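Chain and residue survey
Here are the chains, one letter per residue:
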Amino acid sequence: MTDSRPIFILNGPNLNRLGMREPEIYGRTTLAEIEAMCRKAAAARPVRFHQTNAEHQLVDWVHEAIDEGAGILINPAGLSFRSIPLLDALKMFRGPIVELHISNIHRREEIYQKSLVSTVATAVIAGLGARGYGFAVKALIEMIEERAA
Ligand code: DHK
C-alpha cells in the first residue's frame with residue numbers, strides 16, 4: 001500500500017532568523033534554503049513546511065499532521081524544553097517523529113540539554129547543522145515506507 005500523505009516539517013521560534021542568528025552556532029543557511037533542501041530530499045513525497053514563533057500555531061500544525069500527515073520532522077527550537085502543550089499534541093501523533101536541532105544541544109548550556117520532545121520522538125538528530133534536515137527527511141520517509149510495507 002503506497003502512502004501519499006504529506007510529511008510535516010515544523011520549525012519553532014526564532015528559526016525565521018537563521019542566516020543572521022548566531023551564525024557561529026546555527027550557521028549561515030537560511031530557512032528558505034533549508035526548505036528547498038527538504039523539498040529536494042522529499043522527492044515525490046508532499047511536504048508541508050512551516051515556521052512560527054507562536055506555541056499555539058505549532059500545536060495547531062501538529063493537530064493538522066495528526067489528521068492528514070504521514071510523518072513529522074520538527075525543530076521545536078526553544079519550545080523543546082518547556083512546552084507541555086506541544087508535548088501533549090505530539091503524543092497524539094501515530095506516525096514517526098524526527099526531532100531535529102541544528103546545534104548539538106547536549107554540548108550547550110544546561111537549559112538546552114533536556115528536550116521534552118525527545119521523550120516522544122522516534123529519533124533525534126542534533127549537531128549536524130542545517131544539513132541535518134536533509135538526512136532527517138530521508139530517514140523519516142524511509143520509516144514511513146517501512147511502516148506501510
Ligand atoms: C534551535 C533553537 O532555537 C534553540 O532554542 C535550541 C535549536 C537549539 C537548534 O539547534 O536548531 O536550543
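Summary of the structure given here. Keep in mind it's a predicted model, so treat the numbers as computed, not measured.

Turning next to the site of the ligand. Not every one of the 13 residues close to the ligand is listed here, only the nearest: R21, N75, I102, S103 and Y112. In this structure, I102 approaches the ligand through a main-chain N or O atom, which is 2.8 Å from an oxygen atom. Burial of the ligand by the protein amounts to 98% of the accessible area it has alone, namely 310 Å². Considering only residue class, the shell around the ligand consists of 7 nonpolar, 4 polar and 2 charged.

What follows deals with the sheet that holds strand β1 (residues 7–11). With parallel pairing, 5 strands are arranged side by side in an open sheet as β2-β1-β3-β4-β5. Among the strands making up the open sheet, the edge pair consists of β2 (47–51) and β5 (123–126). Strand-to-strand twist across the sheet, computed as the mean angle between neighbouring axes with direction ignored, equals 15 degrees. Pairing of strand β4 (residues 97–101) with β5, which is carried by 4 bridges, proceeds in the parallel orientation. Each residue of the ladder has a partner; that of E99, found in β5, is V124. Where helix α2 (residues 31–42) meets the sheet, it contacts β1 and β2, and its direction lies at approximately 160 degrees from that of β2. Where helix α3 (residues 55–68) meets the sheet, its contacts fall on β1, β2 and β3 (71–75), and the angle it forms with β1 comes to roughly 170 degrees.

Right, let's get into the packing of α2 against helix α5 (residues 131–148). Angle between the axes and distance between the axes are the two parameters that describe a pair of packed helices. Interhelical geometry of α2 versus α5 gives an angle of 30 degrees and a closest axis separation of 9 Å. By the criterion of interaxial angle, the relationship of α2 to α5 is roughly parallel. Where α2 crosses over α5, the handedness of that crossing is right-handed. Note on element contacts: α5 touches α2 through R131, Y133, G134, V137, K138 and I141, opposite I34, M37, C38, A41 and A42.

A word on the nonpolar core. Counting 27 residues, the largest nonpolar core has I7, I9, L73, Y133 and V137 as the members making the most contacts within it. With 7 residues, α5 is the single largest residue contributor to this core. Apart from residues lying up to four places away in sequence, L73 is in contact with F8, I9, L10, V98, L100, Y133, A136, V137 and L140. L58, A65, I74 and V117 belong to the second largest nonpolar core, which has 17 residues in total.

It is at 9 Å that the axes of α3 and helix α4 (residues 84–91) come closest, and there the two elements cross at 0 degrees. In this view, α3 runs roughly parallel relative to α4, as classed from their interaxial angle. Listed contacts from α4 to E55, L58, V59, V62, H63 and I66 of α3 are P85, L86, A89 and L90. Residue composition of the contact of α3 with α4, by class: 8 nonpolar, 1 polar and 1 charged.

Thresholds applied
Residues numbered from 1 in each chain as written. Predicted model: local features only at pLDDT ≥ 70, side-chain atom pairs only at ≥ 80, totals over all residues. Heavy atoms only, no water. Near = heavy atom within 4 Å. Polar contact = N/O pair within 3.5 Å; in protein donor to acceptor, adjacent residues only side chain to side chain. Areas by Shrake-Rupley, 256 points an atom, 1.4 Å probe, with all protein chains shown as cover. Nonpolar A, V, L, I, M, F, W, Y, C, P; charged D, E, K, R; others polar. Pairing = 2+ DSSP bridges. Helix = DSSP H or I, 4+ residues; strand = E, 2+ residues; numbered from the N terminus. Axes fitted to C-alpha atoms, helices over the stretch in contact; angles between N-to-C directions. Contact = heavy atoms within 4.5 Å. Parallel < 35°, antiparallel > 145°, perpendicular 65-115°, else oblique. Left-handed = near helix turned anticlockwise from the far one by under 90°. Core = buried A, V, L, I, M, F, W, Y, C linked by side-chain atoms within 4.5 Å. Buried < 20%, exposed > 50% of the residue type's maximum accessible area, 1.4 Å probe, protein only.

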